[in-house]
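Observations on the model geometry
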Amino acid sequence: MSKLTLKEQLEALSLGSSEKPLVTPKIVKSNYKTPEKVNRPPKQKPAWLEHAQYGVELLRAYFPACFKEMKEIQPLKIGIKQDLVKHLSTRDDIVLGDKACMVSSLAYYVSSAAYHKNVVEGAARIDLEGNAIGLVTVEEAQYSLECRKTKMQKKSKELEVVEKA
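Here the structure is a predicted model, which is why all the values come from computation and not from measurement. (Residues numbered from 1 in each chain as written. Predicted model: local features only at pLDDT ≥ 70, side-chain atom pairs only at ≥ 80, totals over all residues. Heavy atoms only, no water.)

One pass over the full model with this rule turns up four salt bridges. The closest approach of N and O atoms between Lys77 and Asp83, which form a salt bridge, is 2.5 Å. Judged by its relative accessible area of 25%, Lys77 falls in the partly exposed class. Taking the relative accessible area as the measure of exposure, Asp83 reaches 26% and is therefore partly exposed. Here Asp93 ties to Arg91 by a salt bridge, and the two come within 2.8 Å at their closest N and O atoms. Assessed through its relative accessible area of 52%, Asp93 is described here as exposed. (Salt bridge = Lys/Arg side-chain N within 4 Å of Asp/Glu carboxyl O. Buried < 20%, exposed > 50% of the residue type's maximum accessible area, 1.4 Å probe, protein only.)

Once that is clear, we can look at the environment of Ala132. Residue position: Ala132 is located in strand 2 (residues 132-135). Taking the C-alpha atoms as reference, Ala132 lies 9.1 Å from Leu76; in sequence the two are 56 residues apart. Once residues within four sequence positions are removed from consideration, Ala132 is found in contact with Ala124, Arg125 and Ile126. (Helix = DSSP H or I, 4+ residues; strand = E, 2+ residues; numbered from the N terminus. Contact = heavy atoms within 4.5 Å.)

With that settled, the discussion passes to the packing of aromatic side chains. The final tally for this structure, using the stated rule, is three aromatic pairs. Relative to Phe67, the ring of Phe63 has its centre 6.3 Å away and its plane inclined at 65 degrees; by these criteria the two rings are edge-to-face. Residue Phe63 shares its accessibility class with Phe67, and that shared class is buried. Residue Phe67 is classed as buried on the basis of its relative accessible area, which comes to 2%. Cluster of aromatic residues (ring-pair linked, three or more members): Phe63, Phe67, Tyr109 and Tyr115. (Phe/Tyr/Trp six-rings, centres within 6.5 Å; stacked < 30°, edge-to-face > 60°.)

Moving on, we come to the confidence of the model for the protein chain. Averaged over all residues, the pLDDT of the protein chain is 82; the fraction at 70 or higher stands at 75%. Low pLDDT (under 50) marks residues 17-25, which in the prediction has twelve contacts with non-local residues, meaning those over four places away or in another chain. (pLDDT = per-residue confidence, 0-100.)

Given below as C-alpha coordinates:
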(Lines give C-alpha, C1' and ligand atoms only; values in the text may rest on other atoms or scores of the structure.)
Protein backbone atom coordinates (compact mmCIF):
# COMPACT_ATOMS: atom_id res chain seq x y z
CA MET A 1 0.00 0.00 0.00
CA SER A 2 1.32 3.43 -0.89
CA LYS A 3 2.28 5.83 1.89
CA LEU A 4 1.50 8.84 -0.32
CA THR A 5 -1.47 10.96 0.60
CA LEU A 6 -4.35 11.25 -1.80
CA LYS A 7 -3.21 14.76 -2.72
CA GLU A 8 0.33 13.52 -3.46
CA GLN A 9 -1.05 10.67 -5.55
CA LEU A 10 -3.20 13.04 -7.58
CA GLU A 11 -0.29 15.42 -8.08
CA ALA A 12 1.87 12.53 -9.27
CA LEU A 13 -0.83 11.55 -11.75
CA SER A 14 -1.25 15.07 -13.06
CA LEU A 15 2.49 15.54 -13.53
CA GLY A 16 2.79 12.28 -15.42
CA SER A 17 5.25 11.00 -12.87
CA SER A 18 6.65 7.52 -13.33
CA GLU A 19 5.73 6.79 -9.72
CA LYS A 20 2.20 5.45 -9.93
CA PRO A 21 0.02 5.16 -6.86
CA LEU A 22 -0.55 1.60 -5.77
CA VAL A 23 -4.11 2.29 -4.71
CA THR A 24 -6.75 3.81 -6.94
CA PRO A 25 -8.81 6.31 -4.94
CA LYS A 26 -12.52 5.55 -4.84
CA ILE A 27 -14.99 8.28 -5.61
CA VAL A 28 -17.47 8.42 -2.77
CA LYS A 29 -19.48 11.49 -3.76
CA SER A 30 -22.62 10.78 -5.72
CA ASN A 31 -22.49 14.17 -7.45
CA TYR A 32 -19.22 13.50 -9.29
CA LYS A 33 -18.07 16.51 -11.29
CA THR A 34 -17.75 16.06 -15.00
CA PRO A 35 -14.34 16.78 -16.57
CA GLU A 36 -15.65 20.09 -17.94
CA LYS A 37 -16.30 21.28 -14.39
CA VAL A 38 -13.05 19.87 -13.00
CA ASN A 39 -10.90 21.66 -15.57
CA ARG A 40 -12.37 25.09 -14.91
CA PRO A 41 -9.90 27.64 -13.60
CA PRO A 42 -10.44 28.44 -9.92
CA LYS A 43 -12.62 31.44 -9.20
CA GLN A 44 -10.76 34.58 -8.33
CA LYS A 45 -11.70 36.43 -5.17
CA PRO A 46 -13.72 39.57 -5.76
CA ALA A 47 -11.72 42.78 -5.34
CA TRP A 48 -13.77 43.83 -2.30
CA LEU A 49 -12.92 40.56 -0.55
CA GLU A 50 -9.20 40.94 -1.28
CA HIS A 51 -9.40 44.49 0.08
CA ALA A 52 -11.28 43.41 3.23
CA GLN A 53 -8.91 40.54 3.98
CA TYR A 54 -5.90 42.79 3.47
CA GLY A 55 -7.43 45.30 5.91
CA VAL A 56 -7.99 42.57 8.51
CA GLU A 57 -4.35 41.51 8.16
CA LEU A 58 -3.31 45.13 8.74
CA LEU A 59 -5.54 45.28 11.83
CA ARG A 60 -3.91 42.10 13.14
CA ALA A 61 -0.46 43.53 12.49
CA TYR A 62 -1.04 46.91 14.17
CA PHE A 63 -3.41 45.72 16.93
CA PRO A 64 -2.48 42.10 17.71
CA ALA A 65 -4.04 42.14 21.19
CA CYS A 66 -7.41 43.10 19.74
CA PHE A 67 -7.69 41.50 16.30
CA LYS A 68 -6.87 37.82 16.53
CA GLU A 69 -7.02 34.71 14.41
CA MET A 70 -10.44 33.18 13.83
CA LYS A 71 -10.10 30.67 16.68
CA GLU A 72 -9.28 33.39 19.22
CA ILE A 73 -11.69 36.17 18.23
CA GLN A 74 -13.26 38.10 21.10
CA PRO A 75 -16.17 40.54 21.01
CA LEU A 76 -15.01 44.12 20.47
CA LYS A 77 -15.89 47.17 22.50
CA ILE A 78 -19.02 49.06 21.47
CA GLY A 79 -17.73 52.12 19.59
CA ILE A 80 -14.40 50.56 18.63
CA LYS A 81 -14.66 52.06 15.14
CA GLN A 82 -14.47 55.56 16.59
CA ASP A 83 -11.52 54.51 18.75
CA LEU A 84 -9.81 53.04 15.69
CA VAL A 85 -10.34 56.19 13.61
CA LYS A 86 -9.08 58.38 16.47
CA HIS A 87 -5.99 56.21 17.00
CA LEU A 88 -5.18 55.98 13.29
CA SER A 89 -5.47 59.76 12.91
CA THR A 90 -2.51 60.14 15.29
CA ARG A 91 -0.30 57.68 13.38
CA ASP A 92 2.00 59.18 10.75
CA ASP A 93 3.76 55.89 10.01
CA ILE A 94 0.70 54.36 8.30
CA VAL A 95 -0.27 55.51 4.81
CA LEU A 96 -3.74 56.97 4.35
CA GLY A 97 -4.87 54.13 2.05
CA ASP A 98 -4.03 51.52 4.68
CA LYS A 99 -5.83 53.50 7.36
CA ALA A 100 -8.97 53.66 5.23
CA CYS A 101 -8.64 49.97 4.43
CA MET A 102 -8.44 49.06 8.13
CA VAL A 103 -11.50 51.12 9.02
CA SER A 104 -13.59 49.66 6.20
CA SER A 105 -12.40 46.11 6.96
CA LEU A 106 -13.62 46.36 10.53
CA ALA A 107 -17.17 45.70 9.26
CA TYR A 108 -15.97 42.55 7.47
CA TYR A 109 -14.26 41.34 10.65
CA VAL A 110 -17.28 41.84 12.92
CA SER A 111 -19.70 40.32 10.42
CA SER A 112 -17.78 37.05 10.14
CA ALA A 113 -19.32 33.83 11.41
CA ALA A 114 -16.35 33.32 13.72
CA TYR A 115 -16.96 36.69 15.34
CA HIS A 116 -20.68 36.07 15.81
CA LYS A 117 -19.95 32.63 17.24
CA ASN A 118 -17.97 34.25 20.07
CA VAL A 119 -20.47 36.98 20.89
CA VAL A 120 -22.20 35.15 23.73
CA GLU A 121 -23.82 36.44 26.88
CA GLY A 122 -21.27 37.42 29.52
CA ALA A 123 -18.25 37.33 27.18
CA ALA A 124 -15.76 40.14 27.74
CA ARG A 125 -15.57 42.90 25.13
CA ILE A 126 -12.08 44.22 24.43
CA ASP A 127 -10.60 47.53 23.28
CA LEU A 128 -7.75 48.12 20.81
CA GLU A 129 -5.14 47.21 23.43
CA GLY A 130 -6.92 43.96 24.34
CA ASN A 131 -8.20 45.22 27.70
CA ALA A 132 -11.60 44.00 28.90
CA ILE A 133 -14.02 46.94 28.66
CA GLY A 134 -17.46 45.45 29.16
CA LEU A 135 -19.61 42.35 28.80
CA VAL A 136 -21.90 41.11 26.06
CA THR A 137 -25.55 41.53 27.07
CA VAL A 138 -28.36 39.05 26.47
CA GLU A 139 -29.79 41.23 23.68
CA GLU A 140 -26.43 41.54 21.94
CA ALA A 141 -25.86 37.78 22.14
CA GLN A 142 -29.35 37.13 20.73
CA TYR A 143 -28.79 39.60 17.89
CA SER A 144 -25.47 37.95 17.07
CA LEU A 145 -27.08 34.51 17.04
CA GLU A 146 -29.76 35.76 14.64
CA CYS A 147 -27.09 37.25 12.36
CA ARG A 148 -25.21 33.96 12.35
CA LYS A 149 -28.36 31.97 11.52
CA THR A 150 -29.18 34.36 8.68
CA LYS A 151 -25.67 33.98 7.24
CA MET A 152 -25.89 30.20 7.44
CA GLN A 153 -29.29 30.16 5.72
CA LYS A 154 -28.01 32.45 2.96
CA LYS A 155 -24.95 30.26 2.47
CA SER A 156 -27.02 27.07 2.27
CA LYS A 157 -29.29 28.67 -0.34
CA GLU A 158 -26.24 29.70 -2.38
CA LEU A 159 -24.88 26.15 -2.21
CA GLU A 160 -28.22 24.78 -3.43
CA VAL A 161 -28.11 27.12 -6.43
CA VAL A 162 -24.52 26.09 -7.24
CA GLU A 163 -25.32 22.37 -6.95
CA LYS A 164 -28.28 22.73 -9.32
CA ALA A 165 -26.13 24.48 -11.92
